[in-house]
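Summary of structural features
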Amino acid sequence: MRRVVIAEDSVLLREGLTRLLTDRGLEVVAGVGDGDALVKTIHDLAAADALPDVVVSDVRMPPNHTDEGLRACVELRARYPQLGVLVLSQFVEERYASELLAGSTRGVGYLLKDRVAEVREFADAVVRVAEGGTALDPEVVQQLLSRSRKGDVLANLTPREREVLGLMAEGRTNAAVAKQLVVSDGAVEKHVSNIFLKLGLAQSAEDHRRVLAVLTYLNS
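Criteria and thresholds
Residues numbered from 1 in each chain as written. Predicted model: local features only at pLDDT ≥ 70, side-chain atom pairs only at ≥ 80, totals over all residues. Heavy atoms only, no water. Core = buried A, V, L, I, M, F, W, Y, C linked by side-chain atoms within 4.5 Å. Buried < 20%, exposed > 50% of the residue type's maximum accessible area, 1.4 Å probe, protein only. Helix = DSSP H or I, 4+ residues; strand = E, 2+ residues; numbered from the N terminus. Domains from an automatic or database assignment. Contact = heavy atoms within 4.5 Å. Pairing = 2+ DSSP bridges. Axes fitted to C-alpha atoms, helices over the stretch in contact; angles between N-to-C directions. UniProt positions renumbered as here; feature names shortened; annotations may be inferred. Lys, Arg positive; Asp, Glu negative; His and termini not counted. Salt bridge = Lys/Arg side-chain N within 4 Å of Asp/Glu carboxyl O. Polar contact = N/O pair within 3.5 Å; in protein donor to acceptor, adjacent residues only side chain to side chain. Parallel < 35°, antiparallel > 145°, perpendicular 65-115°, else oblique. Left-handed = near helix turned anticlockwise from the far one by under 90°. Nonpolar A, V, L, I, M, F, W, Y, C, P; charged D, E, K, R; others polar.

Our next topic: the nonpolar core. Ranked by internal contacts, the top residues of the largest apolar core, which has 45 residues, are Leu 38, Ile 42, Leu 165, Met 168, Ile 195 and Ala 213. For this core, the element with the highest residue contribution is helix H7 (residues 159-169), accounting for five residues. Formed jointly, this core draws a minimum of three residues from each of two domains, domain 1 (1-147) and domain 2 (157-217). When near neighbours in sequence (up to four residues on either side) are disregarded, Leu 165 contacts Leu 154, Leu 157, Ile 195, Leu 199, Ala 213, Val 214 and Tyr 217. Core analysis: the second largest hydrophobic core is formed by 18 residues, Val 56, Leu 88, Leu 111 and Val 116 among them.

Encoded structure:
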């Protein structure tokens, strides 16, 4: 059973998230209302050899309601690389996503709060991040796609390859990408191979190259 700590200053939303995740088979081991309390709670759990699998945190929390939750998550990722972190935001703010993803996409997610209403997808995203995967909101990915990319490392990718890479950045498997694009698994595998080749990612473990490709995409 995956273990979760929730950081959300709204008691109502925090309790709702706890119930939602508990109903989906996850164990919520703690709930806190600000960034400092989140950091302390994780430190205490780690000291007791009970580090959770994932933190689900609002970006904006007391006392200033700016980026306290994000700051806490960045600090925790630096201290505990094995800890999954999924942040929730009211709006798409690329700088938050970029800061959270700096260095590694292992066990990291950035979703809009609206996604919580899509219970199954939200719970799946929490589990995916807890297991070391990635979960990026489609609207964040769309904003990244819409940037001007003249002369960047992705310039050689075809529109379809960029679409596949964008779905990979959301944390989707090849099978899920194929389902979304209504193509065969083989077609997606060919696109992914071409992406690796064009990004200059040498032959290595598939998961490792996938993470490097997503990092290249997000940092371009």
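Checked against the element boundaries, Pro 81 lands in the loop between helix H3 (68-79) and strand S4 (84-89). Sequence separation of Pro 81 and Arg 106 is 25 residues, and the distance between their C-alpha atoms is 8.6 Å.

Now for the sheet that holds strand S3 (residues 54-58). If you trace the six strands from one edge of the open sheet to the other, you get S2-S1-S3-S4-S5-S6, paired in parallel fashion. The sheet is open, and its two borders are formed by strand S2 (27-32) and strand S6 (134-136), each paired with just one other strand. Taken pair by pair, the neighbouring strands of this sheet meet at an average axis angle of 20°, ignoring direction. Relative to S3, strand S1 (residues 3-7) is paired through four bridges, and the arrangement is parallel. Each bridged residue has a counterpart across the sheet, and for Ile 6 the counterpart in S3 is Val 56. Set on the sheet, helix H5 (residues 119-130) makes contact with S1, S3, S4, strand S5 (108-112) and S6; between it and S4 the angle comes to about 145°.

As recorded in UniProt, the sites labelled "modified residue: 4-aspartylphosphate" (unreviewed entry) are Asp 58. Mapped onto the fold, Asp 58 is located in strand S3. Non-local contacts of Asp 58, meaning those with residues more than four positions away in its chain, are made with Ala 7, Glu 8, Asp 9, Gly 69, Leu 70, Leu 88 and Lys 113.

Turning next to the side chain of Glu 68. Structurally, Glu 68 can be placed in helix H3. Comment: no salt bridge for buried Glu 68; closest opposite-charge side chain is Arg 60, at 7.6 Å. Separated by 3.4 Å, the side chain of Glu 68 and the backbone nitrogen of His 65 make a polar contact. Residues contacting Glu 68, with those up to four places away along its chain left out, are Gly 35, Val 59, Met 61, Pro 62 and Pro 63.

Okay, the packing of H7 against helix H8 (residues 174-181) next. Contact geometry for H7 and H8: axes closest at 10 Å, N-to-C directions at 125°. Taken together, the axis directions place H7 and H8 in an arrangement best described as oblique. When the axes of H7 and H8 are compared, the crossing they make is right-handed. Taking contact as the criterion, the partners of Arg 160, Glu 163, Val 164 and Leu 167 in H7 are, on H8, Val 177, Gln 180 and Leu 181. Classifying every residue of the contact of H7 with H8 gives four nonpolar, one polar and two charged.

Our focus in this paragraph is the pairing of S3. Counting buried positions along S3 gives five out of five residues, so the element sits mostly inside the fold. A two-sided burial pattern is seen for S3, the buried positions comprising Val 54, Val 56 and Asp 58 on one face and Val 55 and Ser 57 on the other. Relative to S4, S3 runs parallel, the two sharing five bridges. Looking across to S4, one finds that Val 54 is bridged to Gly 84.

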